[in-house]
Amino acid sequence: MTPRAEIAVIGGTGLYQLAGLENVTEVMPQTPFGPPSDAIVVGTLDSKRIAFLPRHGKGHRYGPMQIPARANIFA
């Protein structure tokens, strides 16, 4: 079963880890638009399920014009 989240964040550079995030798992969904920029990190923060996706990918792999925006939003 795919982990679900109540809150989703697509973040920029420097937000690769959220302080206090517990019960963390990573998911790499496939979308009709190809893969998202990176794995989605899903965890619990203050009793809320949070999903985080680094917009440029870990290590800033994608430049501004290379970000798979449609895949990121769909994921």
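Conventions we followed
Residues numbered from 1 in each chain as written. Predicted model: local features only at pLDDT ≥ 70, side-chain atom pairs only at ≥ 80, totals over all residues. Heavy atoms only, no water. Salt bridge = Lys/Arg side-chain N within 4 Å of Asp/Glu carboxyl O. Helix = DSSP H or I, 4+ residues; strand = E, 2+ residues; numbered from the N terminus. Buried < 20%, exposed > 50% of the residue type's maximum accessible area, 1.4 Å probe, protein only. Pairing = 2+ DSSP bridges. Axes fitted to C-alpha atoms, helices over the stretch in contact; angles between N-to-C directions.

A look at the pattern of salt bridges
Right, so step 1: The final tally for this structure, using the stated rule, is three salt bridges.
Right, so step 2: One salt bridge connects E26 with K58, and the closest N-O pair in it is separated by 3.1 Å. With a gap of 32 residues between them, E26 in strand β2 (residues 22–27) and K58 in the loop between β4 (48–54) and α1 (69–74) connect regions that are remote in the sequence.
Right, so step 3: Classification of K58 as partly exposed rests on a relative accessible area of 32%.

What to know about the sheet that holds strand β1 (residues 7–11)
Right, so step 1: Reading across from one edge, β1-β4-β3-β2 is the order of the four strands in this open sheet, with mixed pairing throughout. Since the sheet does not close on itself, it has two edges, and those belong to β1 and β2, each with one partner. Going across the sheet, the axis of each strand differs from the next one's by a mean of 20°, ignoring polarity.
Right, so step 2: Relative to strand β3 (residues 40–45), β2 runs antiparallel, the two being bridged by four bridges. Residue pairing for β3: E22 is matched across the bridge by T44.

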